[in-house]
Amino acid sequence: MEVKIEPSWQKILQKEFDQPYFEQLVKFVKEEYATQTIFPPAGQIFNAFNSCPFNDVRVVILGQDPYHGAGQAHGLCFSVNDGVPFPPSLLNICKEMADDMGKPMPASGNLQYLANQGVLLLNATLTVRSGQAGSHQGKGWETFTDAVIKRISDAKQNVVFLLWGAYAGSKSKFIDGNKHLILKAPHPSPLSSYRGFFGCKHFSQANTYLQQHGLTPIKW
């Protein structure tokens, strides 16, 4: 199982890759791919990083787990491959995005176009067993992705962090709110979206902040 990460991230995260916990994580993940059906495909584990080099990061959206259904996950949080029906949370994200930006609903749930513009679509856990939500939690991925969030916060200025739901919100402790914009809202899942995700206007707020700091807004 050969998995590569984009060179700027390789450099930034080398300290993590050298840690004993990451060695253990790699051993676990390799074993899982060899013996189970795991999503996303191995070549897409680091898709969020490979699609969005470190210097390009302007917005971070944090998810929890990859989708665990066949053909859905491709290494970008909340996103699905072209032609795959919108999962409920993604449908609500796209509804809010369309409403906030005054645009029609996208035809596809593939958010690659956002990653290409500097939106890091990061899941806290980067792999999962087929049909078993949360099956790779607590194996080391969260230690790694927490370090990613902290590294972005420490090394960059004026990044927008979109934290939806209590789990994502808990990651704000790794972010310096004096040099970045942290926007929190309830999770976009149907269970909580009506408690304040709809109408949060995070997408227009993110663009306003970026423009105020001389950065190019995102074409949501």
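A. Just the pattern of salt bridges, in detail. Here the structure, examined in full by the defined rule, presents three salt bridges. Where glutamate 32 meets arginine 129, a salt bridge forms, and the shortest distance between an N and an O atom there is 2.7 Å. Of this pair, glutamate 32 sits in helix H3 (residues 20-35) while arginine 129 sits in strand S4 (residues 128-129), and the two are 97 residues apart along the sequence. Judged by its relative accessible area of 23%, arginine 129 is partly exposed. Linking aspartate 146 and lysine 171 is a salt bridge whose minimum nitrogen-to-oxygen distance equals 2.7 Å. Linking aspartate 146 in helix H7 (residues 141-155) with lysine 171 in the loop between helix H8 (165-169) and strand S6 (181-185), this pair joins segments that are 25 residues apart in sequence. The pair aspartate 146 / lysine 171 is uniform in exposure class, with both members buried.

B. Seen up close, the pairing of strand S5 (residues 160-164). The element S5 is extensively covered by neighbouring structure, given that five of its five residues are classed as buried. Here strand S2 (residues 59-63) runs beside S5; their pairing, made up of four bridges, is parallel. Bridge pairing links valine 59 to valine 160 in S5. Pairing between S5 and S6: five bridges, direction parallel. Within S6, the residue paired with leucine 163 across the bridge is lysine 184.

C. Up close: unusual backbone geometry. Note the cis peptide between phenylalanine 39 and proline 40, where omega equals -5 degrees. The phi angle at phenylalanine 78 is positive, at roughly 70 degrees, despite the residue not being glycine. Mapped onto the secondary structure, phenylalanine 78 falls in the loop between S2 and helix H5 (88-101). In this structure, lysine 201 is a non-glycine residue whose phi angle is positive, near 55 degrees. Structurally, lysine 201 is set in the loop between S6 and helix H9 (202-212).

D. Broad picture of the sheet that holds S5. Taking strand neighbours across the sheet as the criterion, the four strands line up as S3-S2-S5-S6 in an open arrangement whose pairing is parallel. Looking along the sheet, the strands with just one partner apiece sit at the ends: strand S3 (119-123) and S6. Each strand axis lies, on average, 20 degrees off the axis of its neighbour in the sheet, ignoring direction. As defined by bridge partners, S2 adjoins S3 across five bridges and the pair is classed as parallel. Within S3, the residue paired with valine 60 across the bridge is leucine 120.

Thresholds, definitions, all that
- Residues numbered from 1 in each chain as written.
- Predicted model: local features only at pLDDT ≥ 70, side-chain atom pairs only at ≥ 80, totals over all residues.
- Heavy atoms only, no water.
- Salt bridge = Lys/Arg side-chain N within 4 Å of Asp/Glu carboxyl O.
- Helix = DSSP H or I, 4+ residues; strand = E, 2+ residues; numbered from the N terminus.
- Buried < 20%, exposed > 50% of the residue type's maximum accessible area, 1.4 Å probe, protein only.
- Pairing = 2+ DSSP bridges.
- Axes fitted to C-alpha atoms, helices over the stretch in contact; angles between N-to-C directions.

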